[in-house]
Amino acid sequence: MGLRIALGADHGGFSLKEELRSWLERQHESLDVGAHTFDPVDDYPDFAEAVARAVASGEADKGILVCGSGVGACIAANKVPGVRACLCHDVYSAHQGVEHDDMNVMCLGARVIGVELAKELVQAFVEATFSGDERHRRRLAKVLALERQALGGGPPATPGGRR
């Protein structure tokens, strides 16, 4: 089987997540962290944290989050160190975010896109790999340095990347 993909959604993304899960499981293993039933008062940060921690820990290779707009889930997931979550509503961003920026969690807005576009986005995201090109590694290293600094692990970067 392919990759292990963590999936999560609140009430706003529940139906789309369920459709994506059954479609995705034809080629990949899914780790469904919920919601497992529709609950109109659940909260996206709970599912964003579960997906983000699964990816950051290596329990899942990549993650997909679905909420109403995708924005809230993206903000929450990016609070977990090691996660690079991006909101994607076009195919180019879904693969380019992985290839250039090593995106490991893709966020979707169920109230913004339909099922067929979501499937195209997921396919592009799941099939993409980080390029490893020197310029992409250099830029990723700077992003990771920002994260370390924010966590108290070093001095802030200055313009031009010099310390």
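These remarks concern the structure in this document. Keep in mind that this is a model prediction, so the values were computed, not measured.

Quick notes on the rules
- Residues numbered from 1 in each chain as written.
- Predicted model: local features only at pLDDT ≥ 70, side-chain atom pairs only at ≥ 80, totals over all residues.
- Heavy atoms only, no water.
- Phe/Tyr/Trp six-rings, centres within 6.5 Å; stacked < 30°, edge-to-face > 60°.
- Lys NZ or Arg CZ within 6 Å of the ring centre and 35° of its normal.
- 1 Å grid on protein atoms, 1.4 Å probe; cavity = no way out; pocket = protein on both sides within 12 Å on 5 of 7 lines; lining within 4 Å.
- Points joined across faces, edges and corners; volume = space filled by probe spheres on them.
- Nonpolar A, V, L, I, M, F, W, Y, C, P; charged D, E, K, R; others polar.
- Pairing = 2+ DSSP bridges.
- Helix = DSSP H or I, 4+ residues; strand = E, 2+ residues; numbered from the N terminus.
- Axes fitted to C-alpha atoms, helices over the stretch in contact; angles between N-to-C directions.
- Core = buried A, V, L, I, M, F, W, Y, C linked by side-chain atoms within 4.5 Å.
- Buried < 20%, exposed > 50% of the residue type's maximum accessible area, 1.4 Å probe, protein only.
- Right-handed = clockwise from strand over helix to strand, strands pointing away.
- Salt bridge = Lys/Arg side-chain N within 4 Å of Asp/Glu carboxyl O.

## Some words on the packing of aromatic side chains
Here is step 1: One pass over the full model with this rule turns up 1 aromatic pair.
Here is step 2: For Lys62, the ring lying beneath its charged end belongs to Phe125, and the centroid distance is 4.8 Å.

## So, the layout of surface pockets
Here is step 1: Taken as a whole, the largest pocket spans an internal volume of roughly 180 Å³.
Here is step 2: Within the lining of the largest pocket, the residues separate by chemical class into 7 nonpolar, 1 polar and 3 charged.

## Looking at the sheet that holds strand β4 (residues 85-87)
Here is step 1: Strand order in the open sheet formed by 5 strands is β2-β1-β3-β5-β4, and the pairing between neighbours is parallel. At either margin of the open sheet sits one strand with a lone partner, and together these are β2 (29-32) and β4. Adjacent strand axes in the sheet meet at a mean angle of 25 degrees, parallel and antiparallel pairs treated alike.
Here is step 2: Relative to strand β5 (residues 105-109), strand β3 (residues 62-67) is paired through 5 bridges, and the arrangement is parallel.

## A short note on the nonpolar core
Here is step 1: With 23 residues, the main nonpolar core has Leu24, Ile64, Met106, Leu108, Val122 and Phe125 as its most contacted residues.
Here is step 2: The leading source of residues in this core is helix α5 (residues 115-127), at 6 residues.
Here is step 3: In terms of nonpolar packing, the next biggest core, distinct from the first, is built from 19 residues, Leu31, Ala52, Ala73 and Ala76 among them.

## Section: the pairing of β2
Here is step 1: In this structure, strand β1 (residues 4-9) lies alongside β2, joined through 4 bridges in parallel fashion. The residue bridging Ile5 from the neighbouring strand is Ser30, located in β2.
Here is step 2: Crossover β1 to β2 through helix α1 (residues 14-24) is right-handed.

## Describing the environment of Asp133
Here is step 1: Turning to its location among the elements, Asp133 is positioned in the loop between α5 and α6 (134-150).
Here is step 2: C-alpha of Asp133 to C-alpha of Cys86: the two residues are 47 residues apart in sequence and 20 Å apart in space.

## Some details on the pattern of salt bridges
Here is step 1: Applying the stated criterion across every chain, the model contains 11 salt bridges.
Here is step 2: In this structure, the salt-bridge partner of Glu18 is Lys17, at a minimum N-O distance of 2.7 Å.
Here is step 3: Its relative accessible area of 1% is what places Lys17 among the buried residues.
Here is step 4: One salt bridge in this structure joins Glu134 and Arg138, with 2.8 Å as the shortest N-O distance. With Glu134 and Arg138 both in helix α6 and 4 residues apart, the pair spans about one turn of that helix.
Here is step 5: With relative accessibility at 35%, the residue Arg138 sits in the partly exposed group.
Here is step 6: Connected through shared salt-bridge partners, Lys17, Glu18, Arg21, Glu25 and Asp32 make up one network.

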